Amino acid sequence: MSEVVYEETATMIAAGELQSFVPFGREHCRNHPNAFNLQLRELQPASELWSSDGAAGLVGSLQEVTLQERDRECWQLRKGCVGVGGEEVEFEEELYTAGNMVVWSQGSRSQASSVYKAFTVDSPVQQALWCNFAVPQNKKAVEEEMEQTVCIVQSSCVNVHSTTGKDFISPLPFQLSNLWATKFGLLLERKNPASDALLSPPGEPLPTVFSMLHPLDEIAPVVCKPAGLFEGSRVQYVSDSTMKIVFSCCQPSIVVSYDTVQGTHSVWALRKVTHDERSTVLRCPVEPVGTPLGLMTSGFLTSHLRNVSRLDSPGGSGATGLGPGTGPSCGGGCASPLHYSALHSHQNRIMTSSPGLHSRVHSPSISNMAALSRSHSPGMAAPSFSGAARFNTSFHTPSPRGHHSLLLSPNSTTNESVLVPEMEPIIPDLCMEQLWSETATASSHREMSSQASKVFLTSDLCENHYLCFLVESHQQLRCVKFIESNDTSQLIFASVTSIPAKDAEPLQSIDAMLVLEASGSLVLYTGVTRVSKVFVPGLLSPTFSLSNQPPHLSTPVENISTPANAASRHIRRLDEASMPSPVSELRGPNTKHHEASFLEDYTFQQATSYIHALRDPVCNRVTLELSNGTMLRISIPEIATSELVRKCLQAIRFILPKEAAMKVLVKWYNIYNAPGGPSAHAEWNLFVTCFMTLMGYNTERLAWTRNLHFEVPLSPVIAAKKARPSDGGSDEDWEYLLGSHYHRQMISQPVCGPVDSYSGTAVTTDTEVSPPSSPSLRLDSSAPLFHHIPALFYVLHLLYQELQLDELQRAGASSLVCLLQQLARDLQLEEYVDLYWRDYPSLISSFTESCLMDQAQIGQMQRPSFLKAEPPSMFSWLSSCLRGEEVLPFPFLPGICQRTRLLVLSYALYIVGDENATSTDVSKYLAKLSAGQKSCASEPAYKRQSSVKFDLSSENLAEKLVVWLTSEGFTLKDLESVPFGVALPIREAIYRCREQPCSDWSEEVCLLIGRQDLTRQAHKMTLAKDKASVSSGLSLEPPTTTEADEEEDGMSDIIQEVTGLIWSQDLRVHEVRRLLQSSRPVRVSVVQLPEVSDHEYIEEKENKLLQLCQRTMALPVGRGLFTLFSYHPVPTEPLPVPKLNLTGRAPPRNTMVDLNSGNIDVPPNMTSWSSFHNGVAAGLKIAPASQVDSAWIAYNKPKSPELANEYAGFLMALGLNGHLTKLATLNIHDYLTKGHEMTSIGLLLGVASAKLGTMDMSITRLLSIHIPALLPPTSTELDVPHNVQVAAVVGIGLVYQGTGHRHNAEVLLAEIGRPPGPEMEYCTDRESYSLAAGLALGMVCLGHGSNLIGMTDLNVPEQLYQYMVGGHRRAQAGANRERHKSPSYQIKEGDTINVDVTCPGATLALAMIYLKTNNRSIADWLKAPDTMFLLDFIKPEFLLLRTLARCIIMWDEILPNAAWVSSNLPQIIQENIGNASVSEDMNLETLVQAHDYIIAGACMAVGFRFAGSANSDAFDCLYKFARRFMKGLTPAAAAVTGHYNLHTCLSMILLSLSMVMAGSGNLKVLQLCRFLHKRTSGEMIYGFHMAHHMALGLLFLGGGRYTLSTSNSAIAALLCALYPHFPAHSTDNRYHLQALRHLAVLAAEPRLLVPVDVDSLKPCYALLEVTYKETQWYEETTVELMAPTMLPELHLLKRVKVKGPRYWELSIDLSKETQHLKSILSRDGVLYVKLRAGQLPYKDDPQGWKSLLASTVNHRNSGVRAFKPEAISTFTSEPALVSFAEFFCKASDGMKHREDTLTLFSAMLYECVTQESPEMLPTYIAIEQAVGALRRSDLPQTFPLWQMRLVVELWDSRVLRGPTSRNGALLTSEFLPVMKNMMDVTLDNWLTDNSSVLRSYMRGEALTKDTQSTMLACFLVYRSIPCLRNTHTQLEGCTSLGDMLLRCSHLGIPLRDLMRLVPVLLGSASGPQTLPGLSQHVY
């Protein structure tokens, strides 16, 4: 019977899942309200719609329409894939086009189709296809991002719609014949009109194929490089009109074309053009012949492309637009201007045409408009692409002058078009290189083959690739085999095979293709190998048609599996129900045919339909088109469904030669998929039968294979349903039951003890019946796989080892072992059989048969060199590793045994400690099997030291291992399926890494080591890289205010969850809100004295209100700082701006008090600046990470003009938080032209801040217009308001900050001393302009000191010194001389410098230029004068500035103590202040004022030096001085110093205090601010209020999330903002522009670290350990902070660490790089932390007394008993542990007798929770189960003992290394030793009772009783005793222990285990009593 198997008989397989198919789009279009349906309804009058016949109306016309539409419909399907919840979900996507509609739908087998997108376009769709475009990236990006799009072709343009929502319209300059999607973009094929021939000059035809790499790119011609020697493979444009493209493909990138003249197909590789090819084509070296004018030089093509006859234009038929005048006019109309002129344009016009002409190749920077259209909604670009603007259209009348007319195009002058070389050609992007082409010989003796109607790629089961094309004229499918060359860039095409076919489609997922033969039958091919016919139920193939003779009709009957024919039943089966059959005995209840004749049925079926064509293959599904127009969708079955069979097939395919492998696979496919084939569970049995038959076994004669056919894993009873030949029972049945796999599994369980007695007989019956000599058990050596048996056996053995390593597949291993043991026996590989017996003792001992092979046969087999006598065993290899022995490389199959490879290398890396195991030394540990190798040189055995001497730190290895595993794609899910013993080292490594992870590991690594906190952090990191806007963690959303009555005070966005943690003891944040709110009326309490009249009383109230309003107007400056960056705006709503409320309420009746009543004089424009500040405060709330775009900024523009100032402030704020860069340049100019002064100030400062230090040219131009000094002297004088000039000057400083730009520095230097004039100009507020110029100069040269490059001739420091101390004015140099010819008419200054104007600017400029340089010579210039005479000459205010400047130049000398502050006072002041007797010539007032101002200056310096550091010394020092000045506010002291001076100094000291304590919310400073807030008396001017509230804002900067930086840039910003001269009233800008106060924002940086619990996502407390780097002032120090807390400046820190014991430790090392921490801080400072199990957060348990561990500190042992499982939920959030406690640790009624088990489980749980390794719980339970099973001795397999052995060995190796390494080990408790001891005792007891069993095993005798053999196997495995069968002679009869040790030395048995054998081995000589105590003591 066995021959039947290999004949390629007419096999047949059944197709599954029949469904009728209708394109989903067709249905959808019917219901879609497209233009067509609407027109119809309009055309017909209502009467007709309701006409009597009904159908004739609307319905009738609709039917006609759909018929027309139907002709034009087409669709295509493809596979879509999307990841849903970690699982890949596959579905089908359909793109359907009809009329003007395109419908893209998705649907899968499990889900109905739904529309994904539907598009309707204006004109009929010619073609629609999917295409991926590469999005142009920055230069840096390596990988291009792909954008998925749908391209829709209309007659004049291509619409491209991307999935992300961008739409592009690309006009077509010519008519398309076809569009092709490729790897790079689109290929466009031009229709070849007849006019081509007319126009083309001799020798140069026009290109026909063009490419478009992106919808915004130019359409460029494609060049080709044909193969062939005679042409020298010249590169040229693709201009051959006979070449048609028939196919394009992305992977590999190829194009197939057809030559219409020769009738041959060619294959081209499509790639980017190389530089040489590009230049070759553009030079056009061919000399054209016979040029008509002599002008036809190389540029002819170029000029020609520009002026193509109108005949080529779509819609240009007839005489449209013949006259030259109509050129531009018909632009919009008939699409005629779309011409080749598109392809080239004159350089002088390039700017006028669309930006698209600047292709990416021409200019690296796309012009602005194009950049706009790429970034904004692409719709904006559409207008510029349509009409005449896109192409310089050139029409011309056909003229008799032949070619000459081409050169004279009407819209270009003659001489222009004659200068041909001026044109700019278009650069090609892609090149087609010919790879292969058909030989043309075929056409001579046969008619020419037509163009291929279908082309596709397919591959066969053995991974050969074919390119197939269907030639319909010959009814042939030609398959060209191709191979990728080694460098994978080239494809090599080999042989061509023709298959007769009418149609064909590839089935990608099963490596096959379906072919429709001419006869109408469907055949499945894999590559070019025919597999079988495909039977479609319900459709009969025409081969059975009536034209044939009746005898043919009986063919199916033979194929039907009848009982008589039973032998072949597993080879071919037809399902009875699916095939009409006349055999009556087969008719079951479901047979539809009654006694009707077979022929009648056929005629009926034939009349229905037959298969006419195939289409739309996706994966393994394909659509059949039937002749009657209906369509069916069928699926072709897979090659195997069971994972085990699939793996075996992979291994077979890997090792066999390709032809043999193909044979096996095809054979198996046919057997498996025969109609009515096996159910899934029988698949393995079918495979074994098929496989063994192919190897030459007679499966009928082997007992276990014979019984396989009926095998059902659960119970053999079900098998009765498959009828056996005899209906009555027989002995055979009983024997079958006994021999079944099920029975063997049952007897290995002790449940069915009594059956045992049969098992022996039942299994041996066959062997008794047929004596060994019987030929029935021989192998058939002619079988196809006979020669390959050893190789196949070996690969399957390796597969078996692989399956053992996966808990999920181990069931498969027990099936596979049956097959393996049979092969091992027959190959006489004793050791393999022994190995299988050890793994499955009860299973293997029931097999006894073996087949005999004589020597001749064994000689025929090819024994591969890799088949060693000693079987490779994965577990023993790992065990040797753990014992530190040398290991040989372990064999593995690449691609199949992945788990083996992973674990071998993991052990090599982590246990053996070889760092290079995963990189360079792989071959030391893995021996790769290559399929072809029959003999390979034996690899040298590497000698290695034992792992005890191990130098590398294991932490380092653990990290390496974890990172490597992640890179291999190993996840926690995979780890769960690794057996517990094998996984333990990996778990240990993970555990170690979890303790001290690196902060910069990727998300995947963090997931693997189980640190959700880090995963979450990394996840945030990756998000931030993708998108600029990531709102912080879920937890940090600002609260929604519920009280409706609470008016919007602009401060509701402060995050209370965080502030509540930082300041948990009090309500200081509420107090600050109360102090800073300006949206409610103030309380005006004035007591009416009896003598005051009512009218006077009202005036008094209003005067009081006016005083209070001075304060209210100053509040917004502080509020902006307080709410800094706390709000993410909603793009659809305008920003809420709180009102500035200047009214009051007077108690007791709460009457309104208003300033506008007219009773008192109110200064004009009083509120203009305060509303500006209010706008800034509102705008500063917007966080930099928000999504703000140009439209939203414009959308916020208020309607009412009185709010314009507020909007101006809002714009400035947007600049400060960086959003103003998004405002379109157009809008900026729009705002500036309005001429509104405030708006200009806000915009200029905002834009400059946003572009800080960038030297941006466009912004420089913008600012320069407003600064006369930067304009050329002859320019028209613009009337720019003074304040705007000041803002522009500061803007220059900001934009050029730190650049040292020479020209700007020169101009600004001159501007500090700019004289008044000419005439009436520049007379008022000169101080602020000079100051601004000084500040700007300081910023430009910030911190450069004396290294100012190229500025030595300017003498900057000397000039500034002169401005500071006065002197003779220098002559105006250069350009500005003209300006100052006529002097000022108002101010006569003479030729000396006015120091009062220039000194502040010059002083601060010096301070900033020499900032932190410690340049003593410059600092000495700034010393305060030491004589009374000189002190009288200098303003006290300037002393403050000089002291401050001097101190910040000598930065490193600033010390935070009072002595240092006082040391800045000159001698004369120190001596005389506080001295009772002051001599006459001393002016006390001067001295006191100088003293106060110098002290204030020094205090400010301390503030700058320690800004944001919360340094306690600095705070104490400044607080002391602040208190001293507060005391000095008494009238007596004020009389000497003056109120104003005292208040100024106090304000400056208060601001310094706030700078030091910025963001910390210090209570003492808050009290000072509150005290000063209440003072509203007359001397408290607007400016002082501003200072006090700025101090309050800085103190709570950004709601406590921000603090100040001390970088140079920050100090410059603070100097501008805190300039110590405050405005006297709200409109005062004389000395300092008020808007600059807000620049303090530029010094703010986020340094608040907020720990967020990763489980609850709530902010929490955590202990941080912060280590400072060593500096000159202090050693490296470590402080502990309780977070949330402000971190010190990052450059001072070495590392930040979250400390245990409550939270998992996490260390961020800042010595390497600070970027990681910076990005955490910038995203709200969220640092995810994870609570350790058994710990409670600090909030719930501040002292740590409630934790799970606290109770066990003193008495460790009672801990277990004290632990109540109920309490678990308080200590861990893991649901698995909580449920475990619930169900396994609580005593229920039925569990009383299992008390000890419950205690044990509780102990395990406790151990896991306290040791922080909850994932170890399954391991603990598994160990316990293994020990329990061993003690009950019911182990059907020894797998758990292997695992136990590995666990014990790992533990031993850790103990051996000494106590140091034990802290990293996972199993630290007493649990393991106890379990180990139990096992030892059990096995020792067994050994004492059954030593004879061991002896007989060692002698190689047959094994007896079943349980004994199981226990023996357990003993051998656990004691690691190798296979001793061949060694018994040596070990028997040892005389002494020494003798025995000597003999055993080469066996590699560990000494401990050897000692267990002593009684047995020495027992024969001296009896077991000799060594009584020995075996107990060795451990």
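Residues numbered from 1 in each chain as written. Predicted model: local features only at pLDDT ≥ 70, side-chain atom pairs only at ≥ 80, totals over all residues. Heavy atoms only, no water.

Colleague: Is there a simple way to explain the nonpolar core in this structure?
Modeller: Soluble, globular proteins show a tendency: their nonpolar side chains are buried together. Counting 232 residues, the largest nonpolar core has Leu514, Leu522, Leu524, Ile636, Trp668, Phe793 and Leu819 as the members making the most contacts within it. In terms of residues, this core owes the most to one element, helix H22 (residues 789–804), which gives 11 residues. Ignoring anything within four residues of it in the chain, the contact list for Leu524 reads Ile13, Leu507, Ala512, Met513, Leu514, Thr529, Arg530, Val531, Ser532, Val534, Ile636 and Tyr669. (Core = buried A, V, L, I, M, F, W, Y, C linked by side-chain atoms within 4.5 Å. Buried < 20%, exposed > 50% of the residue type's maximum accessible area, 1.4 Å probe, protein only. Helix = DSSP H or I, 4+ residues; strand = E, 2+ residues; numbered from the N terminus. Contact = heavy atoms within 4.5 Å.)

Colleague: Explanation requested: the side chain of Gln1837 in the structure shown.
Modeller: Of note, Gln1837 is situated in the loop between helix H65 (1817–1832) and helix H66 (1839–1856). Since its relative accessible area comes to 19%, Gln1837 is described here as buried. In contact with Gln1837, not counting residues within four places along its chain, are Arg810, Asp839, Tyr840 and Pro841.

Colleague: I tried to follow helix H63 (residues 1775–1784) on my own but got confused; where do I start?
Modeller: What sets the pattern is the α-helix's 3.6 residues per turn: residues three or four places apart point alike. For H63, every residue scored as buried is listed here: Leu1777, Phe1780 and Ala1781. On an axial view of H63, the arc spanned by its buried residues comes to 95°, and they lie on one face. In this structure, H63 carries Pro1775, Ala1776 and Phe1783 as exposed residues pointing more than 90 degrees from its buried face. (Arc of directions from axis to C-beta.)

Colleague: In this structure, what is going on with the confidence of the model for the protein chain? I would like to understand it.
Modeller: Caution applies to low-pLDDT parts of the model: their predicted coordinates are not meant to be read in detail. Of the residues in the protein chain, 73% reach a pLDDT of 70 or more, and the chain-wide mean stands at 76. A low-confidence stretch, residues 932–952 (pLDDT under 50), is modelled with 29 contacts involving residues beyond four sequence positions or located in other chains. A low-confidence stretch, residues 1965–1979 (pLDDT under 50), is modelled with 16 contacts involving residues beyond four sequence positions or located in other chains. (pLDDT = per-residue confidence, 0-100.)

Colleague: Explain the pairing of strand E28 (residues 512–516) here, please?
Modeller: Looking down a regular strand, the side chains alternate between one sheet face and the other. The buried fraction of E28 amounts to 5 of the 5 residues, a majority that puts the element mostly inside the structure. By the bridge criterion, 5 bridges tie strand E27 (residues 503–507) to E28 in an arrangement that is antiparallel. From the neighbouring strand, Pro506 faces E28, where its bridge partner is Met513. With antiparallel pairing between neighbouring strands as the criterion, E27 and E28 make up a hairpin whose turn holds 4 residues, including Asp511 at a positive phi of roughly 50°. Here 4 bridges tie E28 to strand E29 (residues 522–526), and the two strands are oriented antiparallel to one another. In the strand pairing of E29, Leu516 is matched with Leu522. (Pairing = 2+ DSSP bridges.)

Colleague: Honestly, the sheet that holds strand E16 (residues 236–237) in this entry has me stumped. Any pointers?
Modeller: Whenever strands of a sheet pair, they do so through backbone hydrogen bonds, lying parallel or antiparallel. Pairing within the open sheet is mixed, and its 6 strands lie in the order E16-E15-E22-E19-E18-E17. Only two strands of the sheet have a single neighbouring strand rather than two, namely E16 and strand E17 (243–249). In the sheet, E17 pairs with strand E18 (residues 254–259) via 6 bridges, with the strands oriented antiparallel. What sits directly across from Cys249, in E18, is Ile254.

Colleague: Sorry if this is basic, but what is going on with the packing of aromatic side chains here?
Modeller: What characterises a pair of aromatic rings is the spacing of the ring centres plus the angle enclosed by the ring planes. Evaluated as defined, the whole model comprises 37 aromatic pairs. With centroids separated by 4.7 Å and ring planes inclined at 70°, the aromatic side chains of Trp104 and Tyr116 adopt a geometry described as edge-to-face. Of the two residues, Trp104 is situated in strand E5 (residues 101–108) and Tyr116 in strand E6 (residues 111–120); the sequence distance between them amounts to 12 residues. Given the relative accessible area of 1%, Trp104 is considered buried. On the accessibility criterion, Tyr116 (35% relative accessible area) is partly exposed. Their ring planes at 10° and their centres at 5.4 Å tell us that Phe687 and Phe691 sit as a pair that is stacked. (Phe/Tyr/Trp six-rings, centres within 6.5 Å; stacked < 30°, edge-to-face > 60°.)

Colleague: Can you walk me through the environment of Leu816 in this structure?
Modeller: One can find Leu816 in helix H23 (residues 810–826). Judged by relative accessible area, which is 0%, Leu816 ranks as buried. Separated by 172 residues in sequence, Leu816 and Leu644 have C-alpha atoms that sit 8.4 Å apart. Residues in contact with Leu816, not counting those within four places in the same chain, are Cys648, Trp684, Leu796, Leu799, Tyr800 and Leu803.

Colleague: How should I be thinking about the sheet that holds strand E2 (residues 16–20) in this particular structure?
Modeller: Spatially, the 4 strands line up as an open sheet ordered E2-E33-E32-E31, and their pairing is antiparallel. Each edge of the open sheet carries a strand with a single partner, namely E2 and strand E31 (611–618). Averaged over all neighbouring strand pairs, the angle between strand axes comes to 25°, with direction disregarded. (Axes fitted to C-alpha atoms, helices over the stretch in contact; angles between N-to-C directions.)

Colleague: Teacher, can you tell me more about the packing of helix H64 (residues 1795–1810) against H65 here?
Modeller: Each pair of packed helices gets described by two things: the angle between the helix axes and the distance between those axes. In contact at an axis separation of 9 Å, H64 and H65 are set at 145° when each is read in the N-to-C sense. Judged by the sense of rotation from one axis to the other, the crossing of H64 with H65 is right-handed. Touching Leu1800, Phe1801, Met1804, Leu1805, Glu1807 and Cys1808 of H64 are Leu1817, Tyr1820, Ile1821 and Glu1824, all from H65. The residue makeup of the contact of H64 with H65, split by class, is 8 nonpolar, no polar and 2 charged. (Left-handed = near helix turned anticlockwise from the far one by under 90°. Nonpolar A, V, L, I, M, F, W, Y, C, P; charged D, E, K, R; others polar.)

Colleague: Looking at this structure, how should I read the pattern of salt bridges?
Modeller: Proximity of charged atoms lets side chains of opposite charge pair with each other. Per the counting criterion, the structure on display carries 47 salt bridges. For Arg78, the salt bridge identified is with Glu93, shortest N-O distance 2.8 Å. Placement of Arg78 in strand E3 (residues 74–84) and of Glu93 in strand E4 (residues 87–98) is noted, with a sequence separation of 15 residues between them. On the basis of relative accessibility, which here comes to 23%, the residue Arg78 falls in the partly exposed class. Given a relative accessible area of 5%, Glu93 falls into the buried group. For Asp1724, the salt bridge identified is with Arg1601, shortest N-O distance 2.9 Å. On the criterion of sequence distance, the pair formed by Asp1724 in the loop between helix H61 (1715–1722) and strand E47 (1726–1729) and Arg1601 in the loop between helix H59 (1582–1595) and strand E39 (1602–1604) is long-range, its members being 123 residues apart. One salt-bridge network, held together by shared partners, links Lys225, Arg271, Glu277 and Glu433. (Salt bridge = Lys/Arg side-chain N within 4 Å of Asp/Glu carboxyl O.)

Colleague: Sorry if this is basic, but what is going on with the packing of helix H37 (residues 1094–1122) against H59 here?
Modeller: Across the interface, H37 lies against H59 with an axial gap of 7 Å and an inter-helix angle of 25°. With respect to H59, the element H37 is oriented roughly parallel. In this structure, H37 meets H59 at a crossing whose hand is right-handed. Contacts between H37 and H59 involve Gln1110, Arg1111, Met1113, Ala1114, Leu1115, Val1117, Gly1118, Leu1121 and Phe1122 from the first element and Tyr1582, His1585, Met1586, His1589, Met1590, Gly1593 and Leu1594 from the second. A class-by-class count of the residues in the contact of H37 with H59 yields 10 nonpolar, 5 polar and 1 charged. (Parallel < 35°, antiparallel > 145°, perpendicular 65-115°, else oblique.)

Colleague: Any chance you could explain the pairing of strand E8 (residues 145–153) here in plain terms?
Modeller: Pairing of strand E7 (residues 127–135) with E8 involves 9 bridges; the strand directions are antiparallel. By the bridge assignment, Ala134 is partnered in E8 with Met146. Relative to strand E9 (residues 157–162), E8 is paired through 5 bridges, and the arrangement is antiparallel. Following the sheet pairing, Cys151 is matched in E9 by Val160. What sits between E8 and E9 in their antiparallel hairpin is a turn of 3 residues.

Colleague: I would appreciate a short explanation of unusual backbone geometry in the present structure.
Modeller: Excluding glycine, most residues fall at negative phi; most peptide bonds, likewise, are trans. For the peptide bond that leads from Gln251 to Pro252, omega is -5°, which places it in the cis range. With respect to the helices and strands, Pro252 occurs in the loop between E17 and E18. Going from Ala1683 to Pro1684, the amide bond is cis rather than trans, its omega being 10°. Positionally, Pro1684 belongs in the loop between strand E43 (1678–1683) and strand E44 (1685–1686). Even without a glycine there, the phi angle at Gln828 is positive, about 55°. In this fold, Gln828 is placed in the loop between H23 and helix H24 (830–839). Of note in this structure, Ala1510 is not a glycine but carries a positive phi near 50°. Take Ala1510: it is sitting in the loop between helix H54 (1484–1505) and helix H55 (1512–1527).

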